[in-house]
Amino acid sequence: QVQLEESGGGLVQPGGSLRLSCAASGSIVSINAMGWYRQAPGNQRELVADISRGGSTNHADSVKGRFTISRDNAKNTVYLQMNSLKPEDTAVYYCYANIKRLYSYLSRDYWGQGTQVTVSS
């Protein structure tokens, strides 16, 4: 069993900051890419940022300069530091990780349960 547990969501005022964490656990051989998607009601799920095993990052244009993705491979954890938050950042944020499990030939994506981020005054 592989699980991704998210934490760090909540309610913040515009201009505030939050730090999301997502830790993978289970029978893991290796983790390739990790990242974050978000989905607001009535909207498509969109990629926010991702990071390779070696640390190469990509951020959506809408969050560049405000959000920073990082990872700690020793802890199997990916983070999303969110600064200068705007109301339009309000969404459920889902982490994912591409993982090769023990005794599996292939890797696949695993998803966290989602955490609500609300930016409102």
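Further up the page is the structure itself.
From a predicted model like this one, the values you see are computed outputs, not experimental measurements.

Undergrad: Honestly, the overall build of the protein chain in this entry has me stumped. Any pointers?
TA: Regarding its fold elements, the protein chain presents zero helices and eleven strands. Traced from its N-terminal end to its C-terminal end, the protein chain shows the element sequence β-β-β-β-β-β-β-β-β-β-β. Relative to its length of 121 residues, the protein chain is compact, with a C-alpha radius of gyration of 14 Å against a globular reference of 14 Å. Projected onto its principal axes, the C-alpha coordinates of the protein chain cover approximately 50 × 25 × 25 Å. For the protein chain, with 121 residues in total, the buried portion stands at 38%. For the protein chain, the share of sequence-separated contacts (at least 6 apart) that also reach a separation of at least 24 residues comes to 56%.

Undergrad: Explanation requested: the nonpolar core in the structure shown.
TA: Generally speaking, a soluble globular protein has its nonpolar side chains buried in company with each other. If you look at the biggest cluster of nonpolar residues, it comprises 28 residues, and the most contacted ones within it are Leu4, Trp36, Leu80, Met82 and Tyr93. Mapped by element, the contributors of at least two residues to this core are strand E1 (2-7), strand E3 (18-26), strand E4 (28-39), strand E5 (46-51), strand E7 (67-72), strand E8 (77-82), strand E9 (91-101) and strand E11 (115-119). Broken down by element, the residue count for this core peaks at five residues, all from E9. Once residues lying within four places of it in the same chain are set aside, the contact partners of Met82 are Gly16, Ser17, Leu18, Leu20, Arg66, Phe67, Tyr93 and Val117.

Undergrad: Looking at this structure, I do not really get the packing of aromatic side chains. What am I missing?
TA: By convention here, two paired aromatic rings are described through the distance between centres and the angle between planes. Counted by the stated rule, this structure contains three aromatic pairs. Here the aromatic residues Tyr37, Tyr96 and Trp111 are joined through ring pairs into a cluster of three or more. Taking the ring centre of Trp111 as reference, the NZ or CZ of Arg45 above it sits at 5.2 Å. We note Arg108 situated over the ring of Tyr110; from NZ or CZ to the ring centre the distance is 3.8 Å.

Undergrad: Would you mind showing me how to read the pairing of E7 here?
TA: Each regular strand shows side chains that alternate between the opposite faces of the sheet. Burial of E7 is one-sided: the residues Phe67, Ile69 and Arg71 facing one way are buried, the residues Thr68, Ser70 and Asp72 facing the other way are not. Across six bridges, the pairing between E7 and E8 is antiparallel. Across the sheet, the residue bridging to Thr68 is Gln81, located in E8. Taking the residues that link successive antiparallel strands as the turn, the E7-E8 hairpin has four residues, and the phi of Asn76 there is positive, at about 50°.

Quick notes on the rules
- Residues numbered from 1 in each chain as written.
- Predicted model: local features only at pLDDT ≥ 70, side-chain atom pairs only at ≥ 80, totals over all residues.
- Heavy atoms only, no water.
- Helix = DSSP H or I, 4+ residues; strand = E, 2+ residues; numbered from the N terminus.
- Rg over C-alpha atoms; globule rule 2.2 N^0.38 Å.
- Buried < 20%, exposed > 50% of the residue type's maximum accessible area, 1.4 Å probe, protein only.
- Contact = heavy atoms within 4.5 Å.
- Core = buried A, V, L, I, M, F, W, Y, C linked by side-chain atoms within 4.5 Å.
- Phe/Tyr/Trp six-rings, centres within 6.5 Å; stacked < 30°, edge-to-face > 60°.
- Lys NZ or Arg CZ within 6 Å of the ring centre and 35° of its normal.
- Pairing = 2+ DSSP bridges.

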